[in-house]
Amino acid sequence: MKQCKPTKTWERTRLQNLVRHKSGRYYARAFAGGKEVWKSLKTSHYSVAQARLAEFLKEHRERASNGNGGVSGKITFGEAAAIHLRNLDDNPRIKPSTRDYWRRRLLALVKNWRGLNETEVRKITQIACKEWASTYIKKASPTNYNNTIALLRHVLAIAIEAGVLYSNPAAILKRAAIRGKEIALPSTNKFNALLAEMRNGHSRYSPHCADFAAGLAFTGCRVGEAREIAWRDVDFEAGEIVVRGDAETGTKNWELRRVPLIPDARTHFQRMRSERADEPLDAKVFRVGECQKALDRACKKVGAERITHHDLRHLFATRCIESGVDIPTVSRWLGHKDGGALAMKTYGHLRREHSMAQAQRVTFTPVPAKQADIIAFPP
């Protein structure tokens, strides 16, 4: 019986750095720091592989000429993460709260991936990333899961820039679907009852909590922005509030904005100012910086669903849109920079009572056209 020769796994080609697998796929092969570097070109066509090989070699030479930037080929994930955190600290555009959030994501990552900090980044594989993700997605919320994946990719990108890795093993991970939160906001009567209940609370801070809640609902400010409003920022003559945000970090998007005083806001601030007319212009308008406990208690008392500080911002936007203000204008009042895309996505489905009222205006019955007023002249 004639024996067949075993098929070779790898086959050389006319190009030095290009080899062909027995499956027909082409791979690039080069050397970096005394070790072989392989990369799949993801094609079985020679001409396509030739073009992709040229791109690979160009990138390989750039990394070889730049060196590893002082990063060892045996850099661990913990060392790469420390570099990433230093890069965040060196970026003046990133707010301290954002840096703290990414640090919390890093802590969650290393807590749920045993031994990750001590693992060399070149030994982190796609399979290992998938195993971690399949476990972590069961514990974390979709938002935290997605952001932890983003952090993992950013840290591994440090090794890619240094030439230790040629591809990101975490790139294979898919983001979790995020379901939109249904906004359950109180009706106008319910909200007024809620404010009255807060104001009549038994704490000496109850009136201040009610003022703060009303201020959030009447201006659409974020909590951090509302805390910083001083009397000099409330311009009754111009009919607007200047929102500056934190003294050091400013507003969320770093820009000062002006929010017009709606009638309820003007009445609210004028009443507060009349009660504290002797305060200097640099004094803060609100005497409390949060009112969640008072909100929770009042919601239970009046039989309303629990709402948060941020829900009061949603309430402002919703009332503006229901009153006929166009979404791009509301978006500017809220401080969004996307021209209204986020506002349309968030407030595209408004409260049920408003939806039902608007539905009554839709009809398939022919509506007779109104005749113009005609003044008949005598013959």
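Notes on the structure follow. Just so it is clear, the model here is predicted, and its values are computed rather than measured.

1. A closer look at the packing of helix α2 (residues 77-90) against helix α5 (residues 142-161)
The N-to-C vectors of α2 and α5 enclose an angle of 100°; their axes lie 8 Å apart at closest approach. On the basis of their axis angle, the class for α2 and α5 is roughly perpendicular. Residue-level inspection shows Phe77, Ala80, Ala81, Ile83, His84 and Asn87 of α2 in contact with α5, the latter providing Leu151, Leu152, His154, Val155, Leu156 and Ile158. The residue makeup of the contact of α2 with α5, split by class, is nine nonpolar, three polar and no charged.

2. Remarks on helix α6 (residues 188-199)
Each α-helix winds once per 3.6 residues, and so residues spaced three or four apart point in a common direction. End to end, α6 covers 17 Å across 12 residues, agreeing with the expected 16 Å (1.5 Å per residue, within 8%). Along α6, the positions that sit buried rather than exposed are Phe191, Leu194, Leu195 and Met198. Mapping the buried residues of α6 onto a view down its axis gives an arc of 95°, with all of them on the same face. Residues of α6 that are buried sit in contact with α7 (206-219), α10 (292-302) and α11 (309-322).

3. Focus on the pattern of salt bridges
In total, this model carries 18 salt bridges according to the counting rule given. The closest approach of N and O atoms between Arg244 and Asp233, which form a salt bridge, is 2.5 Å. Residue Arg244 is located in the loop between β6 (240-243) and β7 (257-260), and its partner Asp233 is located in the loop between α8 (223-227) and β5 (234-235); the two are separated by 11 residues in the primary sequence. Using a relative accessible area of 2% as the deciding quantity, one classes Asp233 as buried.

4. Topic: the packing of α6 against α7
When two helices pack together, their arrangement is given by the angle between the helix axes and by the axis-to-axis distance. One can describe the packing of α6 onto α7 by two numbers: an axis separation of 7 Å at closest approach and a directional angle of 155°. Accordingly, the angle class assigned to the pair α6 and α7 is roughly antiparallel. Contact residues: α6 offers Phe191, Leu195, Met198 and Arg199, while α7 offers Ser206, Pro207, Cys209, Ala210, Asp211, Ala213, Ala214, Ala217 and Phe218. Taken together, the residues of the contact of α6 with α7 break down into 10 nonpolar, one polar and two charged.

5. Some points on the sheet that holds β7
By way of backbone hydrogen bonds, the strands of a sheet pair with one another, either parallel or antiparallel. Across the sheet, three strands lie side by side as β5-β6-β7; this open sheet has antiparallel pairing. Two strands bound the open sheet, and with one partner strand each, they are β5 and β7. In terms of strand pairing, β5 meets β6 through two bridges, oriented antiparallel. Bridge pairing in β6 places Val234 opposite Ile241.

Criteria and cut-off values
- Residues numbered from 1 in each chain as written.
- Predicted model: local features only at pLDDT ≥ 70, side-chain atom pairs only at ≥ 80, totals over all residues.
- Heavy atoms only, no water.
- Axes fitted to C-alpha atoms, helices over the stretch in contact; angles between N-to-C directions.
- Helix = DSSP H or I, 4+ residues; strand = E, 2+ residues; numbered from the N terminus.
- Parallel < 35°, antiparallel > 145°, perpendicular 65-115°, else oblique.
- Contact = heavy atoms within 4.5 Å.
- Nonpolar A, V, L, I, M, F, W, Y, C, P; charged D, E, K, R; others polar.
- Expected span 1.5 Å × (residues − 1).
- Buried < 20%, exposed > 50% of the residue type's maximum accessible area, 1.4 Å probe, protein only.
- Arc of directions from axis to C-beta.
- Salt bridge = Lys/Arg side-chain N within 4 Å of Asp/Glu carboxyl O.
- Pairing = 2+ DSSP bridges.

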